[in-house]
Amino acid sequence: GAGVSQSPSNKVTEKGKDVELRCDPISGHTALYWYRQSLGQGLEFLIYFQGNSAPDKSGLPSDRFSAERTGGSVSTLTIQRTQQEDSAVYLCASSPGTANYEQYFGPGTRLTVT
Amino acid sequence: EDQVTQSPEALRLQEGESSSLNCSYTVSGLRGLFWYRQDPGKGPEFLFTLYSAGEEKEKERLKATLTKKESFLHITAPKPEDSATYLCAVQDRSSNTGKLIFGQGTTLQVKP
């Protein structure tokens, strides 16, 4: 079946602009995660969605970052007033839910802030 | 605080030269330990989940093992196509989210 998809694959933006990154999880997966992978850094957790529950936003680095998940499926990560330190690969992962914790990752969006 | 440390950072092998990658972890309560493979420009690809000390899992030339403090990814007779970055991650039993805590990865290069 289809895996996790993300768009765009690459995004170049000017400092101060807003960007939206999209994630389509595997069909039927109830859990969705966003991670960030910076050069020289490991993957770091950003936000978690599970079904219709309130998201866990504990990993978001600042209030410029927000995310939503519509209809329990597609998710959008928004970064407002982008800064150069936001340059990274943003990865989305989905998981079947509470009974199985394996996470399957998408190809990522490479964000470059100039 | 949960922590994952992988070693070595980089490993160069000749084709057919077996070796092991190490993942040391500190977690209040382990729910699961995960191994992923990541090729350049791609997202991590799931390999294994290990849940309890003594558990082992195999896939082709890869074998993952788990103790109470570390995990090893053994690569037997590697081929050039095994070249990639291998990531280890843990889930803390106390976490409600199941978020993964990753190590920095080991970049493996297998030369023909």
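For the structure, see preceding data.
Residues numbered from 1 in each chain as written. Chains lettered and ligands numbered in written order. Predicted model: local features only at pLDDT ≥ 70, side-chain atom pairs only at ≥ 80, totals over all residues. Heavy atoms only, no water.

Caption draft 1: The environment of aspartate 56 of chain A, seen in detail. Tracing the backbone shows aspartate 56 of chain A in the loop between β5 (43-50) and β6 (65-69). Taking the C-alpha atoms as reference, aspartate 56 of chain A lies 21 Å from alanine 88 of chain A; in sequence the two are 32 residues apart. Every residue in contact with aspartate 56 of chain A, bar those within four places of it in the chain, is listed here: Phe45, Leu46, Ile47 and Tyr48 of chain A together with Thr97 of chain B. Within the local environment of aspartate 56 of chain A, its side chain forms a polar contact with the side chain of serine 58 of chain A, the two groups lying 2.6 Å apart. (Helix = DSSP H or I, 4+ residues; strand = E, 2+ residues; numbered from the N terminus. Contact = heavy atoms within 4.5 Å. Polar contact = N/O pair within 3.5 Å; in protein donor to acceptor, adjacent residues only side chain to side chain.)

Caption draft 2: Broad picture of the state of the cysteines. In this structure the tally under the stated criterion is two disulfides over all chains. Here cysteine 23 of chain A pairs with cysteine 92 of chain A through a disulfide, and the sulfurs are 1.9 Å apart. Its torsion about the S-S bond being -65 degrees, the disulfide of cysteine 23 of chain A and cysteine 92 of chain A is classed as left-handed. Linking cysteine 23 of chain A in strand β3 (residues 19-24) with cysteine 92 of chain A in strand β8 (residues 88-95), this pair joins segments that are 69 residues apart in sequence. No difference in accessibility class separates cysteine 23 of chain A from cysteine 92 of chain A, as the two residues are buried. Across a sulfur-sulfur distance of 1.9 Å, cysteine 23 of chain B and cysteine 88 of chain B are joined as a disulfide pair. (Disulfide = S-S within 2.5 Å. Buried < 20%, exposed > 50% of the residue type's maximum accessible area, 1.4 Å probe, protein only.)

Caption draft 3: Spotlight on the packing of aromatic side chains. Residue and element names in this part refer to chain A. In this structure the tally under the stated criterion is 10 aromatic pairs over all chains. Plain terms: the ring middles of tyrosine 33 and tyrosine 48 are 4.9 Å apart, the flat faces sit at 40 degrees to each other, and that makes the pair tilted. Linking tyrosine 33 in strand β4 (residues 31-37) with tyrosine 48 in strand β5, this pair joins segments that are 15 residues apart in sequence. Among the residues examined, tyrosine 33 registers a relative accessible area of 2% and is labelled buried. According to the relative accessible area criterion, tyrosine 48 is buried, its value standing at 10%. (Phe/Tyr/Trp six-rings, centres within 6.5 Å; stacked < 30°, edge-to-face > 60°.)

Caption draft 4: Structural context of the interface of chain B and chain A. The interface of chain B with chain A comprises 21 residues on the first partner and 18 residues on the second. Roughly 1500 Å² is buried in total at the junction of chain B and chain A, and carbon and sulfur atoms are behind 55% of that figure. Connecting chain B to chain A are zero salt bridges. At the boundary of chain B with chain A, the tally comes to seven residue pairs in polar contact (both at pLDDT 80 or more). Taken together, the elements giving at least two residues each to the side of chain B that touches chain A come down to β4 (30-38), β5 (45-50) and β9 (84-92) of chain B. It is β4 of chain B that contributes the most residues to the side of chain B that touches chain A, four residues altogether. A breakdown of the residues in the side of chain B that touches chain A according to their chemical character gives eight nonpolar, 10 polar and three charged. (Buried area = accessible area lost by both parts, 1.4 Å probe. Salt bridge = Lys/Arg side-chain N within 4 Å of Asp/Glu carboxyl O. Nonpolar A, V, L, I, M, F, W, Y, C, P; charged D, E, K, R; others polar.)

Caption draft 5: Molecular detail of the environment of arginine 31 of chain B. Within the element layout of this structure, arginine 31 of chain B appears in strand β4. As a C-alpha pair, arginine 31 of chain B and tyrosine 51 of chain B span 20 residues in sequence and 6.3 Å in three-dimensional space. Residue contacts for arginine 31 of chain B: discarding those within four places in its chain leaves Tyr101 of chain A together with Tyr51, Gln91, Asp92, Arg93, Ser95 and Gly98 of chain B. Within polar-contact distance, the side chain of arginine 31 of chain B engages the backbone oxygen of arginine 93 of chain B at 3.4 Å.

Everything listed here is a matter of coordinates, which is why it stays silent on function.
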